[in-house]
Amino acid sequence: FFCCWRSSVASSCSKCCSSRAESDRIAQNAAASASASRSTAITSISPTRPFFYVSSSPWNLYDVLVEFLDVNAIPLGPLLLRDWGVSASESLSTSHATHKVQLIQQILDTYPTLPFILIGDSGQEDPEIYSKIVTEYPGRILAIYIRDVTDGSRDDEMSKLAEHVTQARSEL
């Protein structure tokens, strides 16, 4: 998912979430960060610490995802999900990467003064997508957190991406 914080949470968390405990700690920090504005209504979003969730999950999972966020006390925010199927302009839906890049760009363009933190996992293309975003929006991405869900097969690739992101003045 995709998150935004104004605080310096980035400096207090590890660069790569390789264990469930580390991911849980980041989630707890996120929940604590937004607890002052927490509400059961999806429309009650803190104007100073908004959370945006960009996922390739289909829209028919919306209710399940909202319930998951609520049950686990994860800060609420807009869920930007994926349309699967045929549309007027496409015979198939967009790719995972195209979907995420376009929505993240739209959010960054809509909120040009907010700094962001991107959170994802190593299972699909999140590291590559986020690396591209850091390059396109210099100074806007404070940090990138990736939960390692692979068997170590992407370690070299992740190191190269981390170096690229660091050169773009962010952290992976």
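So, a few notes on the structure that sits alongside this text. (Residues numbered from 1 in each chain as written. Predicted model: local features only at pLDDT ≥ 70, side-chain atom pairs only at ≥ 80, totals over all residues. Heavy atoms only, no water.)

### Some remarks on the nonpolar core
In terms of nonpolar packing, the biggest core is built from 25 residues, with I133, I141, I144 and L172 touching the most fellow members. Every element with two or more residues in this core is listed here: α4 (96–110), β5 (116–121), α5 (126–136), β6 (141–147) and α6 (155–167). Considering each element in turn, this core owes the most residues, 6 residues, to α4. Ignoring anything within four residues of it in the chain, the contact list for I133 reads V101, I104, Q105, L108, L118 and I141. By size, the runner-up hydrophobic cluster in this structure holds 7 residues, among which are Y53, L69, I74 and L81. (Core = buried A, V, L, I, M, F, W, Y, C linked by side-chain atoms within 4.5 Å. Buried < 20%, exposed > 50% of the residue type's maximum accessible area, 1.4 Å probe, protein only. Helix = DSSP H or I, 4+ residues; strand = E, 2+ residues; numbered from the N terminus. Contact = heavy atoms within 4.5 Å.)

### Remarks on the pairing of strand β3 (residues 53–58)
Across 3 bridges, the pairing between β3 and strand β4 (residues 79–82) is parallel. By the bridge assignment, Y53 is partnered in β4 with L79. (Pairing = 2+ DSSP bridges.)

### So, α5
By the burial criterion, the buried members of α5 are D126, P127, I129, Y130, S131, I133 and V134. Structurally, α5 contributes buried residues whose contacts are with α4, β5, β6 and α6.

Without other data, these values stay purely geometric and don't point to any function.
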